[in-house]
Amino acid sequence: MNRAIPPIVSIAMACALPWMALAQDARPGPSFHEAVGMAWAIDPVRTELQVGHHSARARASAAGSWFAGGPTLSGEYMDDHMLGSNEGYTTYQGGVSVPLWLPGQGSATKQVASAEAASIDEQLNVEHMALSIRVLDAAAAALIARTRMDVAHALYDATARMAGNATHAVHGGELASVDGQMAQAAMENAHNELALAQEEAQNATTALEVLLGRPVVPDLSRYGGGDVTQARFVSPRDMEDNDPRIKVAHRNVEAAEANMKLARRSFMPNPEIGVDAIHEKQYGSPWDDRVGVNFSIPLPSEVRNTPIMSEARNRLATATSQETQARRMVHLEMMRVRERLIAATTARQATRSAAENMEKRAQAQERAWRVGEGSVDTALAARQAAANTRLASARAEVEWHVASIRMLIATGVVP
């Protein structure tokens, strides 16, 4: 017995040290709302969309200009030196012209830019919602991994205790050596499970840290079914209309419609109008300076207009199709979220009761084995079953909180 206990103690200490390090990080963390705020502050997609939003607003502001583009400068210089006559015939000519808006083209351009800016606003909301779900999934994975580690540690403690008792009984001649070997094997299996659980917990915590920028795990246990009943939107139709994915799809349709209007208003290239000035140096000429007006009016052409209108129609058709698909997808997701919450509530209640009963059974089987009324394999199997049901119960508890938060996110609330 004295030779068997030190290996057990050394293995226990080796497993306990990393578990204690992770347990120190398992203290209550920030709320889910605070965690989403941490992730949102460092989200690169948010920065990209904000730049796009400012660009769209700048285009809308620029579309309020009096002219359709910047001025064009032109100049000419002519003389008779190259001809060899060299009679002093020299002409300087310069002009400036500006493009004009076609009827309704300026307001249509501004509407397109404003609609695109509004679409990017909704895309920011979509990204915030998607980020909230990513934070929720990562936090749930970290909590479940830590729960698995706790259950594995408890199972290892129980099997190590039973292995120690079995070794003592074998040395005292009260137990067959095969039973002692079985208890030792169960402890080794529990040791392996604990190592795997620690690895999973460390990986899940690291993934969450990358998302949040801090080594914290949000506390999801404060959110439950009572929060769902207080949500602002209870009707499925209201929830769908409030979903940012449907809103951004509708904004894209509005932008496509504005672009179609702009394409119709741009039925020809923009005309230009300006002022020209001429200064001539000619021998004996009674005039040497002239000022006039110039204009340029390109005529409409099907070669130019057909591709523009076709592209506008394609954009509108694509946006309309995507809006329909978005509504179908969101409707299906809402149904899944609701059914998931119902199933998680049932599973939470069932697994909690099962875990309590299996723990009582494991304790009874271990007591029966100690007094010689049961076999060691039965006691070990009962302890393993109790650990499995405890893990299932803890997982169901986390999934119930996750389902509740997911339902709130679906209603447009980040709890």
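Rules and cut-offs
- Here, residues in each chain are numbered from 1, in the same order as that chain's written sequence.
- The predicted origin of the model limits local features to residues at a pLDDT of at least 70 and limits the giving and counting of side-chain atom pairs to 80 or more, whereas totals for whole chains, interfaces and linings rest on all residues.
- Remark: hydrogens and water are excluded; side-chain values derive from all non-hydrogen atoms of the structure.
- For helices the rule is a DSSP run of H or I covering at least 4 residues; for strands it is a run of E covering at least 2, with both sets numbered from the N terminus onward.
- Burial here depends on accessible area, computed with a 1.4 Å probe over protein chains only, as a share of the maximum for the residue type. Under 20% is buried, over 50% is exposed, and the range in between is partly exposed.
- Residues count as neighbours in contact if any of their non-hydrogen atoms are within 4.5 Å of one another.
- The Shrake-Rupley method, run with a 1.4 Å probe, gives the accessible areas here. Residue values count only the displayed protein chains as cover.
- Strands are labelled as partners when DSSP assigns at least two bridges between them.
- Throughout, an axis means a line fitted to C-alpha atoms (over the contacting stretch in the case of helices), and angles, computed between N-to-C directions, take values from 0 to 180 degrees.
- Between the rings of Phe, Tyr and Trp (Trp by its six-membered ring), a pair exists once the centres lie within 6.5 Å; its type follows the angle of the planes, with under 30 degrees stacked, over 60 edge-to-face, and the other angles tilted.
- Cation placement over rings: the criterion is NZ of Lys or CZ of Arg within 6 Å of the ring centroid and within 35° of the ring normal.
- UniProt positions are given in the numbering used here, feature names are shortened, and annotations may be inferred rather than shown by experiment.

### So, the overall build of the chain
Scanning the chain for helices and strands turns up ten helices and four strands. Its helices and strands in sequence order give the chain the pattern α-α-α-β-β-α-α-α-α-α-β-β-α-α, from N to C terminus. Expressed as a percentage of the 415 residues in the chain, the buried residues total 38%. Counting only contacts in the chain whose residues sit at least 6 apart along the sequence, the fraction spanning at least 24 positions is 83%. Summed over all atoms, the accessible surface of the chain reaches about 22700 Å², with 57% contributed by carbon and sulfur.

### Things to note about the sheet that holds strand β2 (residues 90–99)
One open sheet accounts for four strands, arranged β1-β2-β3-β4; its pairing is antiparallel. Where the open sheet ends on each side, the last strands, each with one partner, are β1 (72–79) and β4 (289–296). Going across the sheet, the axis of each strand differs from the next one's by a mean of 15°, ignoring polarity. Taken together, the ten bridges between β2 and strand β3 (residues 272–281) define a ladder with antiparallel strand orientation. Paired with Gly-95 across the bridge in β3 is Asp-276.

### Comments concerning the packing of aromatic side chains
In this structure the tally under the stated criterion is one aromatic pair. Ring centres 5.1 Å apart and planes at 50° place the aromatic pair Tyr-77 and Tyr-92 in the tilted group. Pair noted here: Tyr-77 is in strand β1 and Tyr-92 is in strand β2, with a separation of 15 residues, a long-range link. Judged by relative accessible area, which is 38%, Tyr-92 ranks as partly exposed. Between the NZ or CZ atom of Arg-46 and the centre of the ring of Trp-40, over which it lies, the distance is 6.0 Å. If you follow Arg-348 out to its NZ or CZ, it ends over the ring of Trp-400, 3.8 Å from the centre.

### Description of the UniProt feature "coiled-coil region" (unreviewed entry) in the chain
In this numbering, the UniProt entry assigns the feature "coiled-coil region" (unreviewed entry) to residues 180–214. Helix makes up 94% of residues 180–214 and strand makes up 0%, while its end C-alpha atoms are separated by 46 Å.

### Quick word on the side chain of Ser-266
Relative to the elements of secondary structure, Ser-266 occurs in the loop between α8 (244–265) and β3. On the accessibility criterion, Ser-266 (10% relative accessible area) is buried. Those residues within four positions of Ser-266 in sequence are excluded, and the remaining contacts are Leu-102, Gln-105, Arg-304 and Asn-305.

### A few points about the side chain of Gln-105
Positionally, Gln-105 belongs in helix α4 (residues 105–171). Classification of Gln-105 as buried rests on a relative accessible area of 6%. Among all residues touching Gln-105, those that are not within four sequence positions of it are Leu-100, Leu-262, Arg-265, Ser-266 and Asn-270.

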